[in-house]
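Letter by letter, the chains look like this.
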2 protein chains.
Amino acid sequence: MAESMSRLKERLNDVSRLQQALAVLGWDQQVYMPPGGAESRAEQIGTLDRMAHEMLIADETGELIEAARSELNGSAPDSDEASLIRVVNRDYEQSKKIPAELVREMSQHAVLAQQAWVKARAENDFAAFAPYLSKTIDLSRRVADYLGYEGERYDALLDLFEPGMKTAHVAAIFADLKAELVPLVAAIAERADRVSDAVVHQSFDEAKQEEFGKAMAAAFGFDFTRGRLDRTVHPFATGFSRNDVRITTRYDPNFLNPSLFSTLHEAGHGMYEQGIGETLDGTMLGNGASLGVHESQSRLWENIVGRGRDTWQHFYPRLQETFPEQLGNVDLDTFYGAINRVHPSLIRVEADEVTYNLHIMLRFEMERELLDGKLAVEDAPEAWNEKMRAYLGITPPNDAEGVLQDVHWSGGMMGYFPTYSIGTILSAQLFDAAMRAHPNIPEEMRSGRFDTLHGWLVENVYRHGRKFEPNELITRATGEPLQSRSYVVYLKGKFGELYGLNS
Amino acid sequence: MAESMSRLKERLNDVSRLQQALAVLGWDQQVYMPPGGAESRAEQIGTLDRMAHEMLIADETGELIEAARSELNGSAPDSDEASLIRVVNRDYEQSKKIPAELVREMSQHAVLAQQAWVKARAENDFAAFAPYLSKTIDLSRRVADYLGYEGERYDALLDLFEPGMKTAHVAAIFADLKAELVPLVAAIAERADRVSDAVVHQSFDEAKQEEFGKAMAAAFGFDFTRGRLDRTVHPFATGFSRNDVRITTRYDPNFLNPSLFSTLHEAGHGMYEQGIGETLDGTMLGNGASLGVHESQSRLWENIVGRGRDTWQHFYPRLQETFPEQLGNVDLDTFYGAINRVHPSLIRVEADEVTYNLHIMLRFEMERELLDGKLAVEDAPEAWNEKMRAYLGITPPNDAEGVLQDVHWSGGMMGYFPTYSIGTILSAQLFDAAMRAHPNIPEEMRSGRFDTLHGWLVENVYRHGRKFEPNELITRATGEPLQSRSYVVYLKGKFGELYGLNS
């Protein structure tokens, strides 16, 4: 290997190892750390984070990138090494652009704003949180200006989470989708009583819930010899290498959905991490391409597969065997309805497949308007409520269940929300492409086999890690950039049938 | 704070944070890591370990130590800052003395020798392991010679685990102890049938075992808001700060002792870590003074307290309530005998309080002889078996249960074994001193209270962390350096009574 490339890799591997250790510290913090450990854990994380950051932005890194680039000669642009240089150069340039002082100010603000948000939400007092939201917006503007952008300012923020994705493109896709969703939600609302979820609200033994969820995740392709499932209040997925991926879920003894679908959601994230190419493991390319692409995998496995009729043709008899008292006399159609019931509701994280994206669009629209000053912070609660009425037909009774419900803005994260919908939309686009390549996928699913689908995703998405920006990856996999057509067809088909709208 | 001291502390805190992160990685590796994670974990640990080591032995550290020392002026030698300089300077000098190449050779050897040992033990083939043992001895000699020593070579190795402790001092104490133990073991062997452990070999529900063990550990003083108990094949204790201490145990559904006494043993280690002074937390002084002092706490809480009659006067009725079927009709004397039964056996880690130290002395004597060439490697099995006959009256039927039983020599660790007995002996010396200061301790124990004893240990041992070398710490706490008198009196009293030898 050429000298500079070799030295660059060594240096970047140190950064990666620190980042992996940080992921272990973060996992333990959320899963097993006793309460007393919080303070020292924050210091451990702070120290390792600083070391990794300093190592990445050091001038030596930039010099090695330059030198290694000149050694590449004719390497194909999609080779591992050319990709490493391209991606790491982006990380390096982006990190250098934001002054250390601003990074410090943002971390500080995040701590204070989050405390203020917890209190404001508990006391339903938006006015108390407003100054912190203003500061989040101000800091976000400064970050965007340091990073630079060609189109609109929001591009710079979106790019942090979804590299290369443009606000105008996302806005156009969302607009198309919204035009379809709002009437769909309204039509379903008129037929709400066709579907009940009573059967999933019964008493379900937690150990059996766990066992069943693990069996389904394993059948989908999550490898438990290279990962594990634990319990946390807020489910999440994280990876320390492709061979050590941790997912978590939560259990409600009187409601089947939370543990089962959180397990499948996080298993989707986990399978992505487990599927990253071996040559990329432990390098700066050994993670998912973006938050949106990651979310496409959690959504695909949770919803398109995990709430799909084909899948349950195989698994439902097994679920009935596991819970004979609760489900022995419940037919598949009733159960399928119960896990797919559509119900406009106030809280994003509890939303169903149809209404979920409207929650996101509302936030995306507000973020853009807040950032460019078209919407004043003090008008945010009313803007929120108006959009809720327009999109979902309901009005939050208070700000705690409205504009104050999410943690993101208090953490300083603007530009993050759209990645949830990008992922959701992309899940259908990828599933479509896999079906075109392998029309036998539904038949396999009906017999509890998922290896063709899983294999297609590994081949076309997972193994590439961070090598390609989202739209390039999507185009390579599906033949076109992100589009909402597949998702609209999916939703209308599935929920049109469930609610009898297609006649 | 003076400039150089402040910069030194900053630098050392980074080293400490890396070491704490390493402890988290090690804990996870043993407790929850899926099998696939082994390779990447080894790389993460390797990277962080190298960073911590490089930071510690950098010339800048040495320069800051010198500069900070000159800023100390009239600080008392037992002040936190003077102690930090003294201890870190020792770490620094010791680490600098061993060439990096030798460190690498030792790590490599440890991996290969451990693999060879696993195979040799499984196949009962000492000859296959002999070359690795020879290399361990050779490497140990080279390490000792680089470190330097005044008395004998073994001093340099012992000093790595037990700072400042001399081989001659340990040998003299062991010789005294052995002269008492060998006849005691023989006398007990003649009356072996006075005590049976049948009642602890019954079926005990694991969840109840866990609950009871946790309750006892909490009563002793282990703080579960600043620590937790998990399950592993080999129980251990580790700490990431005084406020985050992890202990583990193992469960045998048909034998009460393993989980209960492993929990109390590790809780003893854990209470030491939890009791380290707040001002030392997160610094290079924020650990135990030595392996021996650490072991004194596990032994004190497991054996002197945890297998003591006073303690069980309080806890036994509660244990009977927990296991009424198994123990409802068993009286305290029978139970007390069962958890204190003496039985010469082949395997160190299964040995009782009386025979345990003979296992250690055998190893200590052999290590000294191997190191100075008085014993040839090929004669080690027979030397082992001879000592077993002389000290315990039994002969190993094969080398797997003899000279091949322990992992230490394959890991390159010579000089480690004596710390187990140092700890055991010290446990009685410290308990004696606490009793002299607070004669009401037994009375408190009989009513399930341990705070006076725990408080005395915090005040005289725990809070000092690594500030003092073992013998200084012991002298400060008990008025004299390590001695075996207290331990002999303890053993003869307890087991003389149990086996009716005192009449």
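Residues numbered from 1 in each chain as written. Chains lettered and ligands numbered in written order. Predicted model: local features only at pLDDT ≥ 70, side-chain atom pairs only at ≥ 80, totals over all residues.

Chemist: So what exactly am I meant to see when it comes to the relation of the copies chain A and chain B here?
Modeler: Two chain copies here: they are related by a rotation about an axis and a translation along the same axis. The transformation that overlays chain A on chain B combines an axial shift of 0.0 Å with a rotation of 180°, and the residual RMSD is 0.0 Å. On this basis, the relationship between the two copies can be described by a two-fold rotation axis. Same-surface contact between copies: 100% of interface residues of chain A are shared with the interface of chain B. (Least-squares fit on C-alpha atoms with pLDDT ≥ 70 in both. Contact = placed C-beta atoms within 7 Å.)

Chemist: Teacher, can you tell me more about the interface of chain A and chain B here?
Modeler: Taken together, the 29 residues of chain A in the interface contact 29 residues of chain B. Looking at the side of chain A that touches chain B, the elements with two or more residues in it are helix 1 (3-31), helix 2 (38-57), strand 1 (227-231) and strand 2 (237-241) of chain A. Per-element tally for the side of chain A that touches chain B: the top contributor is helix 1 of chain A, with 7 residues. For the side of chain A that touches chain B, the residue count by class is 10 nonpolar, 11 polar and 8 charged. (Helix = DSSP H or I, 4+ residues; strand = E, 2+ residues; numbered from the N terminus. Nonpolar A, V, L, I, M, F, W, Y, C, P; charged D, E, K, R; others polar.)

Chemist: Even after reading the chapter, I still don't get the sheet that holds strand 3 (residues 244-249) of chain A, so can you show me in this structure?
Modeler: Through backbone hydrogen bonds, the strands of a sheet pair up, either in parallel or in antiparallel fashion. All names here are of chain A. Pairing in this open sheet of 3 strands is mixed, and the strands run 1-3-2 from one edge to the other. Only two strands of the sheet have a single partner each, and these edge strands are strand 1 and strand 2. Here the strands of the sheet are splayed against their neighbours by 20° on average, with no regard to which way each runs. Bridging between strand 1 and strand 3 involves 5 bridges; their strand directions are parallel. By the bridge assignment, Asp 230 is partnered in strand 3 with Thr 248. Together, strand 1, strand 2 and strand 3 form the strand contacts of helix 10 (residues 257-274), whose direction differs from that of strand 3 by roughly 165°. (Pairing = 2+ DSSP bridges. Axes fitted to C-alpha atoms, helices over the stretch in contact; angles between N-to-C directions.)

Chemist: Could you clarify how one ought to interpret the environment of Glu63(A) in this entry?
Modeler: Residues and elements named next belong to chain A. Among the secondary structure elements, Glu 63 is positioned in helix 3 (residues 59-72). The partly exposed category is assigned to Glu 63, around which 13 C-beta atoms lie within 10 Å. Each C-alpha atom of the pair Glu 63 and Ala 172 lies 40 Å from the other, and the pair is 109 residues apart in sequence. (Buried ≥ 20, exposed ≤ 12 C-beta atoms within 10 Å, placed from the backbone.)

Chemist: Looking at this structure, how should I read the environment of Asp379(B)?
Modeler: The residue Asp379(B) is located in the loop between helix 15 (353-371) and helix 16 (380-392) in this model. Through-space distance from the C-alpha of Asp379(B) to that of Ala130(B) is 9.9 Å; in sequence the pair is 249 residues apart.

Chemist: How should the domain arrangement of chain A be read in this particular structure?
Modeler: By convention, interface size is frequently given as the accessible area that disappears when the constituent parts associate. Residue and element names in this part refer to chain A. Per the domain assignment, the segments making up chain A are domain 1 (3-153), domain 2 (167-194 + 345-416) and domain 3 (198-341 + 419-498). Centre-to-centre separation of domain 1 and domain 2, based on C-alpha positions: 28 Å. With 23 residues of domain 1 at the contact, the number on the domain 2 side is 19 residues. Of all elements in the fold, only helix 5 (100-122) and helix 6 (126-147) reach the threshold of two or more residues within the side of domain 1 that touches domain 2. When residues in the side of domain 1 that touches domain 2 are grouped by element, the largest group, 11 residues, is from helix 6. (Domains from an automatic or database assignment.)

Chemist: Looking at this structure, how should I read helix 16 of chain B?
Modeler: Within an α-helix, residues lying three or four positions from one another point in the same direction, as the helix has 3.6 residues per turn. Residues and elements named next belong to chain B. The first and last C-alpha atoms of helix 16 sit 18 Å apart over 13 residues, in line with the 18 Å expected at 1.5 Å per residue. Taken together, the buried positions of helix 16 are occupied by Ala 380, Trp 384, Met 388, Tyr 391 and Leu 392. The arc that holds every buried residue of helix 16, seen down its axis, measures 85°, which confines them to one face. Seen from the buried face of helix 16, the exposed residues on the opposite side, beyond 90 degrees, are Arg 389 and Ala 390. The inward-facing, buried residues of helix 16 abut helix 8 (167-190) and helix 15. (Expected span 1.5 Å × (residues − 1). Arc of directions from axis to C-beta.)

Chemist: Would you mind going over the packing of helix 1 (residues 3-31) of chain B against helix 3 (residues 59-71) of chain B with me for this structure?
Modeler: Between two packed helices, the angle of one axis relative to the other and the distance separating the axes together describe the packing. All names here are of chain B. At their nearest, the axes of helix 1 and helix 3 sit 8 Å apart, and the two run at 140° to each other. Taken as axis vectors, helix 1 and helix 3 run oblique relative to one another. Pair helix 1 / helix 3 crosses with left-handed handedness. In contact with Ser 4, Met 5, Arg 7, Leu 8 and Arg 11 of helix 1, helix 3 contributes Thr 61, Leu 64, Ile 65, Ala 67, Ala 68 and Glu 71. (Parallel < 35°, antiparallel > 145°, perpendicular 65-115°, else oblique. Left-handed = near helix turned anticlockwise from the far one by under 90°.)

Chemist: Is there a simple way to explain unusual backbone geometry in this structure?
Modeler: Peptide bonds are mostly trans, and most non-glycine residues show a negative phi. All names here are of chain A. For Asn 124, which is not glycine, the phi dihedral falls at a positive 50°. Here Asn 124 lies in the loop between helix 5 and helix 6. Its 14 C-beta neighbours within 10 Å are what place Asn 124 among the partly exposed residues.

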